Amino acid sequence: MPEPTLILRDVAIYKGWLDLGKQATLVAALRDVVARAPLFQPVTPTGRAMSVRMTSAGRYGWISDRNGYRYAPNHPGGMGWPPIPEPVLAIWRALVGETRLPDCCLINLYTTEARMGLHQDRDEADFSWPVLSVSLGDDALFRIGNLTRGGKTESIWLNSGDVVVMGGAARLVYHGIDRIRPGSSSLLRGGGRINLTCRVVT
Ligand code: MD3
Ligand code: FE
């Protein structure tokens, strides 16, 4: 596997892994996904609207509603999730490998006010598979914590084209997005940030 640009608390960060052409190709593929499986605004089990809008591609999508958060084989609108676009799978092959491909590519859309509080990704069956994240569009202030809530955290700005791999000791660390920097990228017309999070689910 290629060497990451930096490693922060065992999180491998590949700065500028995708050039502008590849970023644009990804955005075009994601527009197709969103046309078939529209973005929705999830509600937490406690009934609060999340500030990000999301949809998924793959065998499973991640959803949240008053019944809890979970992986589901169908979009809340009833349709199946579109396949994960090939350019997304190509990133996974290069940085994670070919042994197994992700079951889910979650697509998060952040507009100016959106954030994501510190949380763990632990709805998957096998934590030996890493999580891979791709940043597109506006810069985001990403925070990495610890294996339990609390303690010191570290923050880093993620820019369009950066790819992050959370494997091994990093797989279950708390993480979140504190804020985005509106207007910092012209990749997405209308601005904002897209994050792709690819995971093995079953
Ligand atoms: C996983 N998304 O959807 S992804 C999420 O930028 C999520 O939208 C954020 O967290 C976003 O669950 C961050 C990058 C990330 C970073 C560190 C992690 C995912 C991680 C550490 C462990 C597991
Ligand atoms: Fe997460």
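Here the structure is a predicted model, which is why all the values come from computation and not from measurement.

Colleague: Honestly, the layout of surface pockets in this entry has me stumped. Any pointers?
Modeller: Which parts of space are left empty comes out when a probe the size of a water molecule is rolled across the atoms. Size it by volume and the largest pocket reaches roughly 1000 Å³. Taken together, 43 residues line the largest pocket, and the ones lying closest to its centre are Met50, Met116, Gly117, Leu118 and His119. The set of elements that each furnish at least two residues to the lining of the largest pocket consists of β4 (61–65), β5 (68–72), β6 (104–110), β7 (116–119), β8 (131–137), β11 (163–166), β12 (175–180) and β13 (193–199). The calculated volume of the second largest pocket comes to roughly 220 Å³. Elements with a contribution of two residues or more to the lining of the second largest pocket: α1 (20–36) and β6. For the lining of the second largest pocket, the element with the highest residue contribution is α1, accounting for four residues.

Colleague: Looking at this structure, how should I read the nonpolar core?
Modeller: General note: in soluble globular proteins, nonpolar side chains tend to be found buried as a group. Within the largest apolar cluster, 31 residues are counted, with the highest numbers of intra-cluster contacts made by Val11, Ile13, Val52, Met54 and Tyr110. When contributions to this core are tallied by element, the ones reaching two or more residues are β2 (11–14), β4, β5, β6, β9 (140–144), β10 (154–158), β11 and β12. Excluding residues that lie within four positions of it along the chain, Ile13 makes contacts with Pro4, Thr5, Leu6, Leu8, Ile156, Leu158, Val163 and Val164.

Conventions used here
- Residues numbered from 1 in each chain as written.
- Chains lettered and ligands numbered in written order.
- Predicted model: local features only at pLDDT ≥ 70, side-chain atom pairs only at ≥ 80, totals over all residues.
- Heavy atoms only, no water.
- 1 Å grid on protein atoms, 1.4 Å probe; cavity = no way out; pocket = protein on both sides within 12 Å on 5 of 7 lines; lining within 4 Å.
- Points joined across faces, edges and corners; volume = space filled by probe spheres on them.
- Helix = DSSP H or I, 4+ residues; strand = E, 2+ residues; numbered from the N terminus.
- Core = buried A, V, L, I, M, F, W, Y, C linked by side-chain atoms within 4.5 Å.
- Buried < 20%, exposed > 50% of the residue type's maximum accessible area, 1.4 Å probe, protein only.
- Contact = heavy atoms within 4.5 Å.

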